[in-house]
Every structure is written in C-alpha cells, then in structure tokens.
Amino acid sequence: MMNTRHVWAVARKELHHILRDPGTFILVLLTPTLLLLFFAYALTTDIRHVNIAVLDYDRSPASRAFVQQITAGEDLDLYAQVGSFEELDTLLVHGKIKAALIIGPDFSRDLMRLQGTPIQVVIDGTEPESGNFAVDHIARRAETFVTETLGRQLQGMGLEAASLSPLDIRVRAWFNPGLKPRNDIIPGMISMVLGVPALSVALALAREREHGTLEQLMATPIGRAELLLGKIIPYLLVGLFNVLFIPALAIAWFHISLNGSFLLFFLLSAVFLFAILSMGILLGVFMRTQAAALALSFLLIFYPGFFLTGIFFPLASMPEEVRLEAMFLPGTPYAAITRAIFLPGSGLEVVWPYAVMLLFQGVVFTGLAALFFRKKL
Amino acid sequence: MAVISLRNLTRDFKTTRAVDGLTLDIQAGELFGLVGPDGAGKTTTLRLLAGLLDITAGEAQVLKYDLKTQAERVKKHIGYMAQRFSLYSELSVDENLAFFAEIYDVPREARPERTAHLLEFAGLTEFRERRAGQLSGGMQKKLALACTLIHQPEILLLDEPTTGVDPIARREFWNILTDLHLDGATIVVSTPYMDEADRCSRVGLMYEGKLAACAPPREILRQLGAEVIEVHPADWRAARGLIAALEGVREVQTYGEALHVLVEAGTGAKRLREIEKTLKKHNLACNNIRLAPPRMEEAFISMIRELTEETAQGDPHVPRP
C-alpha cells in the first residue's frame, strides 16, 4: 500500500535539495526561462539593415525615385551605387552586400508605357535568409512604387487608381508585412523549455545512485512507487512555477497574446509535466550516472523536442511512422495544446484528445518506471 | 537463537564469484566482525544480508524471513550502514534523522525523545542544525549510525563504518558499538582494522568469497598456536633474513622498523635467546627485544599468507612469496 507520508518525506527532502543546492536551483528554476529568451531571440530576431548595391543602367528620375523608395526605412541599406556588373560581383564575393538590384536601361520607358518592368535581383546564396529577405522586401516595395506611379499616371489620364487595386491586393498577400514569427514559435517553444524539469528528475535519481544515498534508501522499507512519486512531485511543483512564470514572460516581453483560457493552459501544463517527468524518471531508472542521464535526456527530451514535436518542422511533412513516434513524446501533443490555446484561443473541446494522450503517456511511463525500478544494487 | 542463518550463500557478478558458498550462523546479541582483505567479499555479504543484492545460490535467512522471497519485509527490522557516506549533504543533522524516522514509520510521539537520545549518544547534540555535508568525517559516520538506529532495528549491519576516520573518532565509534552490544543488539560489522576485530565477540575471516576462519578472537589466537617476539634491530633489513633462516621461526612480519617473529607457542623464551645470539654473532645492534602475546593483526597476516600460498600452489604462474 502506498504511504503518503513516505512520499511526502521524499518530496520534502528533494525540495530541500533543489532549494539549497545552487546548481540544481539554477537548472530547475532559471534555465527554462533563460532557454526561452535565448531561443526566442536567436530564432526570431527580425532581419534589418541588409546591405544592398544598385546597378542602375537607366539613370532616370524614375529609377532614382525607385531606389529611394526601396532603401527607405531600416530594412535595406544602400551600400553602393555601382557602374558595372564586375563591381557588383566583387562586393558580393567579399560579403559587403547581401543582395544587388539591377535596373535595366528601359526602366522608365517601360514604366510609362505600362509594360512589364523587369528588375533583376542578385542575392548571396551562401546566406539565403538575408538574400530572400531582400528579395521579398524589394518586391514589396516595387509593388508599392509601381502602384503609386501608375496611380498618378492613371489619375492624369482621368482614371481611378482603385480600378486596378484587385490585382495589387492579391499580390500583396504574398508579402504579409504583419507576419511575426514569434507569435507562432514561442508557444511551441514553451513546450520545449518545460522539458527541463524532466531532465532534472532524471539527474536526481542518477545523483542519488552516484552519491550512494540510493543504496541507503534501498535498505529501508520505502516502497518503489513511493520513492518515485516522491521524486517527481517536487519537480512537478517547480515545473508549475515555471508554467506560471514563462507565459507571463512571453506575454509581457514578447507581446504574445494568450487568446484562450489561462486556467485551461495551467491545468493541461500540469498534465504535460506529469507525462514528461514520468519519462524523465524512467530514464533515471535505467541510467547509472548523471552524465549518462544527461546525455540520454538530451537525446530523448530535447532533440525530439526540436525535430519531432512540430515546433520547427510541420508534423504533416513527416512519414507516418515518424509521426506516430512523435506522438509518443509528451512534447508533441503539448506543443499542439499550447499553440491552440495561445493563438486561436481554443478550448477543451478542441484540445481534449491531446490531453488524453498526455495522461496516457504519463501513466505508461510511470508504470514502466515502477516496473523496472528494483530496490537492488 | 540464530538471527542470521546462511547456507552455501553464493553471489556471482559478471566475471567473479564475490561470495562463494558461505555457511554461517549468527546468534542474537553477537557483535560479529567480518574481516578480510579488500575484495574478499565483505561488502557483498553485508549487501546480501541487507536485501540489496539478489542471491545467486544457497539459502539466507535473516530473522524469520527468507531473503530470496521476503527481502523487502526484512528491511524494517535491520539497520544498514553503507561503506560510503550516504546521507543527504544538504539536509541538517536533525532533518536527516527526521527523514529516516518518517521512512521507517517511527511513531511521532516517540521521535523527540529518541532523536535527542541518539544525538546525545553520538555526541551530535550541538551540531543538530548543521548540514550533514559540513560535518567532519567522524561525525558523518556517527550521524549515519544514528540514522540506522532511529527505528531500533533488531540487527545492525555496518560496512566498514570506521574507514577513513581518525583514530580518536574510531575509538568513540567503537565505544558506541560496545554500548549497543551490551544493550543486547545484534551487530555485524566489517572492518579492515585488526584492533577492531579484537573488540568483536566473534570474528569471521573472509578470503576470496569464502569464510577461512570463524571464531572468537581469543580462539583464533589460540588456533594460531604462536608466540610473537618483537625485535627492534638497528638494521632490520639485514636482521630479517638472518632471523627468518633460524630454526623454529614460522614467519617474520615487518612493522615499520620492527620485526615481529612468529614462533611455536611455548618456545618463545628459547627462540628469543637464539635471536639475540645470532644478532650478536653478526655484529647487528638490537635496540629492544621482547616477548609479546600475539595480536589479531599477526594472526590475520599469517592466515592470509598461508591461504595465498595454498592458492598459489595450484597455479605455477604465481610466484611463491
């Protein structure tokens, strides 16, 4: 029979350890937050001040106005106006510019005749992020420029610019200027950084093994489930603290909006923590040293968190078998839950299958841990 | 009444047989010392008794429980102290005791008195707020002992409790054990120190997983059948060879610059004179020479030497000492 006093004795002892050992304290309480900040900045920092060069064969007022339009603002900086293709080449090779804009000799003529106006953009393929950004940006500004110029011209001809707008609007949808990647990534990221307590619990069991305190515990009449539960509970509490703190940080710092119910998010986070901590303790049962527990936790908690849970790569793009495997990692359903609650503000009626999945995982992992954990050296 | 009863107890690890057919009965109230060189199987034996290892073969009964099937049930009746310090460094002395009191289901009303008594007993009363990790080695051992006593176990299993502790702390620790022994506790203690074996009511000498001898210390010394002549020559290297070659000398053990010469019991006085004569003949000065009763240490070394020689005879590759 499970004795709750034994469970609580182990849990209290473990809490003391967390609070008194600076290393553990930092790992458990501060690392998730720091990780979130780090990832959020590393992965979503907006690209700005990309250097470009312009090769203008037209040299007309229209082309100058066009260049001015494109390099206005902080996104693209005009590094140089060059006179030949060779100069462009040199700048690109030396990495001085990430992209180059080439304006043909008939630019203003074509523009006035309402013909297709070819513009060539060359990008540095070694850094496609910046290059693509430049292309997107140039294309977007070109649209604006062309519409405005044409609009003025049409007005001069007595026509309403609005009559051309359907075409423009459709094109603009391509370059949705309001798209903020953080909104999409951070909720998924939360599910990953909350994996840290699982790592700690795996380490905690391995640490007791290394320090010999597990030997002493095994010599006592404490039940296996009592010991494992007592180990999980403190990390669950600390994890819940993180669940309160991290979304608050995401909202205040990154201006992410939580559209769904916070209470629902909190409760389902508790279920997630139960699942991932059970997975952590299962790892701890098998690993003899903290080093091994750490390595395996990274392999099974964090790497799949990156690649399989759909945070960065859509699950839909994965083969069926991998998708199934991914579903057995607590991070996958939880990433779906956080996104659903944060972005569209979905309720339990939408996310309940994921919640059931998490609960199931927790029970299976704890069961396996209790099954394989023997009070023998 | 035997509280521990072992019949051909055997435990194998991957490549070694750590405990090899141990047969032994330990009676209630004994202070049983398990001695032997490193790797003899002492720790494995104690871990088996504590239910921490599976039994490979043989029978083991502790109290009325069969260790093969009821290892969990025996745990609340024994107190086991591992060789390494295995308490929680971040917890204070008090918290460690409280933790084990909870795990062992010590009744709440009994705790304050028992804790106070154990702290007093272990001399830790004034350190009760201190974290276990900040205690000295000797105090840590005493705290560990106090933690294994909190549930008043019927049997105490102590694995080298005084290894790595200074001589004064060692003596204090043994005074505590003696008190417990006098109170009627059954204690099984392993130790590499022979002076500690002297304080046990019975000693089992383990060698390569087997029990090579098992008797009260006095009996072991009697079985040795030897007297010891302590010689303090000025040049012990030269003296050693001369004395070893003398008739009736069983063996010469070196202790620093002193030589302990084992001779047949009853021939001590005669051999002493012969040694003096030989040293004089070879112009070797001798600071001191005296007849002394044999101690456990000499008996132990002598036995191990005999056992090593027996083993070596079966294996021509091992050079004989």
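Given the structure is predicted, the values throughout are model-derived calculations rather than measurements. (Residues numbered from 1 in each chain as written. Chains lettered and ligands numbered in written order. Predicted model: local features only at pLDDT ≥ 70, side-chain atom pairs only at ≥ 80, totals over all residues.)

> So, the domain arrangement of chain B: which residues are in play, and what are the values?
When the parts come together, some accessible area is lost, and that loss is often what is quoted as the size of the interface. Residues and elements named next belong to chain B. Per the domain assignment, the segments of chain B are domain 1 (2-215) and domain 2 (221-313). The straight-line distance from the C-alpha centre of domain 1 to that of domain 2 is 36 Å. Each side of the interface is counted separately: domain 1 has 10 residues, and domain 2 has eight residues. Looking at the side of domain 1 that touches domain 2, the elements that each hand over two or more residues are α7 (194-197), β9 (202-207) and β10 (210-215). Examining the composition of the side of domain 1 that touches domain 2, we find that three residues originate from one element, β10, more than from any other. The residue makeup of the side of domain 1 that touches domain 2, split by class, is nine nonpolar, no polar and one charged. (Domains from an automatic or database assignment. Contact = placed C-beta atoms within 7 Å. Helix = DSSP H or I, 4+ residues; strand = E, 2+ residues; numbered from the N terminus. Nonpolar A, V, L, I, M, F, W, Y, C, P; charged D, E, K, R; others polar.)

> Can you tell me about the nonpolar core, naming the residues and giving the values?
A202 and I281 of chain A together with L143, A146, L157 and V261 of chain B are the most contacted members of the largest nonpolar core, which has 159 residues in total. Ignoring anything within four residues of it in the chain, the contact list for I281 of chain A reads V201, A202, L205, L228, K231, I232 and A369 of chain A. Counting residues in hydrophobic clusters, the runner-up holds 23 residues, among them A53, I97, V122 and A134 of chain A. (Core = buried A, V, L, I, M, F, W, Y, C linked by C-beta atoms within 7 Å. Buried ≥ 20, exposed ≤ 12 C-beta atoms within 10 Å, placed from the backbone.)

> Help me get a handle on the interface of chain B and chain A, residues and values and all.
Each partner contributes residues to the interface: chain B has 21 residues there, and chain A has 20 residues. If you tally residues by element for the side of chain B that touches chain A, the top one is helix α3 (residues 93-103) of chain B, at four residues. By residue class, the composition of the side of chain B that touches chain A is 11 nonpolar, one polar and nine charged.

> Please set out helix α2 (residues 67-74) of chain B residue by residue, giving values where relevant.
Residue and element names in this part refer to chain B. When α2 is considered as a whole, its buried residues turn out to be L67, A71 and V74. With its buried residues spanning 85 degrees around the axis, α2 presents them on a single face. If you follow the buried residues of α2, they end up packed against α1 (42-49), β4 (57-62), β5 (65-66) and β6 (78-81). (Arc of directions from axis to C-beta.)

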